[in-house]
Amino acid sequence: MLRALRGAITVDANDENAILDATEELVREVIERNSLDQDDMVSCIFTCTPDLNAQFPAVAARRLGLNAVPLMCACEMDVPNAMPRVIRMMLHCYQDPATEAQHVYLRDAVDLRRDLHAAQ
């Protein structure tokens, strides 16, 4: 079954290492919670709020070895009063239909989806 897994994490500063470290944390957690192998992954889209531009989040995914997975980065809409310094991801993957999708929201990003109890 093809699924889209969502996730988000906040970053303390617009700093290359902060962006890469946070993205690695998020990607690792999504992979672990969903028991994914690279062969299960179809593609992944990363977005950043406009205040994060020091590095592409996809670089972190490549550092984790996701070299065969197509990756794309984009900028989130600049919505007034939106949470700052957020990296989001949508990972398209194949998963057993009997398995419940585990979406992951870390750090201050938990406030984006309080309705997803397992995402914390």
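Engineer: Just checking my understanding: could you explain the overall build of the protein chain for this structure?
Structural biologist: Looking only at helices and strands, the protein chain features two helices and five strands. The secondary structure elements of the protein chain, listed N-terminal to C-terminal, are β-α-β-α-β-β-β. The C-alpha radius of gyration of the protein chain comes to 14 Å, within 12% of the 14 Å expected for a compact globule of 120 residues. For the protein chain, the spread of C-alpha atoms along the principal axes amounts to about 40 × 30 × 20 Å. Per element, the accessible surface of the protein chain, about 6600 Å² overall, is 50% carbon and sulfur.

Engineer: How should I be thinking about helix 1 (residues 16-33) in this particular structure?
Structural biologist: Between its first and last C-alpha atoms helix 1 spans 26 Å; for 18 residues at 1.5 Å apiece the expected length is 26 Å, and the two agree. Listed as buried for helix 1 are Ile-19, Leu-20, Ala-22, Thr-23, Glu-24, Leu-26, Val-27 and Val-30. Its buried side turned inward, helix 1 meets strand 1 (2-10), strand 2 (41-48), helix 2 (57-63), strand 4 (86-94) and strand 5 (104-106). Structurally, the start of helix 1 carries an N-cap: the backbone nitrogen of Asn-17 is 3.1 Å from a side-chain oxygen of Asp-15.

Engineer: What should I look at first to understand the pairing of strand 2 in this one?
Structural biologist: Taken residue by residue, a regular strand's side chains alternate between the two faces of the sheet. The buried fraction of strand 2 amounts to six of the eight residues, a majority that puts the element mostly inside the structure. Sheet analysis places strand 2 next to strand 4, joined by seven bridges and oriented antiparallel. When the sheet's bridge partners are listed, Thr-47 is paired in strand 4 with Arg-88. As judged from the five bridges shared by strand 2 and strand 3 (residues 71-75), these two strands associate in the parallel manner. Bridging from a neighbouring strand, Phe-46 pairs with Cys-73 of strand 3.

Engineer: Honestly, the nonpolar core in this entry has me stumped. Any pointers?
Structural biologist: Among soluble globular proteins, nonpolar side chains are generally buried collectively. Counting residues in hydrophobic clusters, the biggest one holds 25 residues, and the most contacted among them are Leu-26, Val-30, Phe-46, Leu-71, Ile-87, Met-89 and Leu-91. Elements with a minimum of two residues in this core: strand 1, helix 1, strand 2, helix 2, strand 4 and strand 5.

Engineer: Would you explain the side chain of Glu-24 in this entry?
Structural biologist: Tracing the chain through its elements places Glu-24 in helix 1. There is a polar contact of 2.6 Å between the side chain of Glu-24 and the side chain of Arg-63. Ignoring anything within four residues of it in the chain, the contact list for Glu-24 reads Ala-60, Arg-63 and Leu-64.

The rules behind these values
Residues numbered from 1 in each chain as written. Predicted model: local features only at pLDDT ≥ 70, side-chain atom pairs only at ≥ 80, totals over all residues. Heavy atoms only, no water. Helix = DSSP H or I, 4+ residues; strand = E, 2+ residues; numbered from the N terminus. Rg over C-alpha atoms; globule rule 2.2 N^0.38 Å. Areas by Shrake-Rupley, 256 points an atom, 1.4 Å probe, with all protein chains shown as cover. Expected span 1.5 Å × (residues − 1). Buried < 20%, exposed > 50% of the residue type's maximum accessible area, 1.4 Å probe, protein only. Contact = heavy atoms within 4.5 Å. Polar contact = N/O pair within 3.5 Å; in protein donor to acceptor, adjacent residues only side chain to side chain. Pairing = 2+ DSSP bridges. Core = buried A, V, L, I, M, F, W, Y, C linked by side-chain atoms within 4.5 Å.

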